[in-house]
Amino acid sequence: MANNDSNGFKPYVPASERPREFTVVAMITGAILAIIFGAANAYLGLIVGMTVSASIPAAVISMAVLRIILKRTSILENNIVQTITSTGEALAAGVIFTLPALFIWQLRPSLLTISIIALAGGILGTILM
């Protein structure tokens, strides 16, 4: 196995450090951004018929919120926020491309039914990944 110093590779977070990454701040920030991007993606998907990936905007916005507003410097915490946000907007895309079929079949699902379908899709997607 090659030494990290011999090939010039230096990790951004050294193995000797153990910064916190899965924090309450990261989860709350990710959830707020997931709701915002999920709603925007759902609106766009239902109106235009296509969605956009929010991974890069989520990374940029989470970095701005964490570093500039909250003065937190952990790149790993930023990664958690970006992942939560991307997952939230992807779940919204999954819902808006499947639930309109229920309305086409003239079924009128309640908000509880839609929430259960979205939750089941998210859990199933997580398990299969």
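Up top you'll find the structure we're talking about.
Residues numbered from 1 in each chain as written. Predicted model: local features only at pLDDT ≥ 70, side-chain atom pairs only at ≥ 80, totals over all residues. Heavy atoms only, no water.

A. Inspection of the packing of helix H2 (residues 55-69) against helix H3 (residues 75-98) at higher detail. Axis separation between H2 and H3 bottoms out at 9 Å; the angle between their running directions is 135 degrees. By the angle between their directions, the pair H2 and H3 is classed as oblique. The two elements H2 and H3 meet at a crossing, and its hand is right-handed. Along the contact surface, H2 presents Ser 55, Ala 58, Ala 59, Ser 62, Met 63, Leu 66 and Arg 67, while H3 presents Ile 75, Glu 77, Asn 78, Val 81, Gln 82, Thr 85 and Ser 86. Within the contact of H2 with H3, the residues separate by chemical class into 6 nonpolar, 6 polar and 2 charged. (Axes fitted to C-alpha atoms, helices over the stretch in contact; angles between N-to-C directions. Helix = DSSP H or I, 4+ residues; strand = E, 2+ residues; numbered from the N terminus. Parallel < 35°, antiparallel > 145°, perpendicular 65-115°, else oblique. Left-handed = near helix turned anticlockwise from the far one by under 90°. Contact = heavy atoms within 4.5 Å. Nonpolar A, V, L, I, M, F, W, Y, C, P; charged D, E, K, R; others polar.)

B. Quick look at H2. In this model H2 runs 20 Å from its N-terminal to its C-terminal C-alpha over 15 residues, within 8% of the 21 Å that 1.5 Å per residue would give. The inward-facing, buried residues of H2 contact helix H1 (24-48) and H3. In the segment just after H2, Lys 71 is the residue with positive phi, at about 55 degrees. (Expected span 1.5 Å × (residues − 1).)

C. Region of interest: the nonpolar core. Counting 7 residues, the largest nonpolar core is built from Ala 26, Leu 33, Phe 37, Ala 54, Leu 66, Ile 80 and Val 81. Looking at this core, the elements with two or more residues in it are H1 and H3. A per-element tally of this core places H1 first, with 3 residues. Residues in contact with Ala 26, not counting those within four places in the same chain, are Glu 21, Glu 77, Ile 80, Val 81 and Ile 84. (Core = buried A, V, L, I, M, F, W, Y, C linked by side-chain atoms within 4.5 Å. Buried < 20%, exposed > 50% of the residue type's maximum accessible area, 1.4 Å probe, protein only.)

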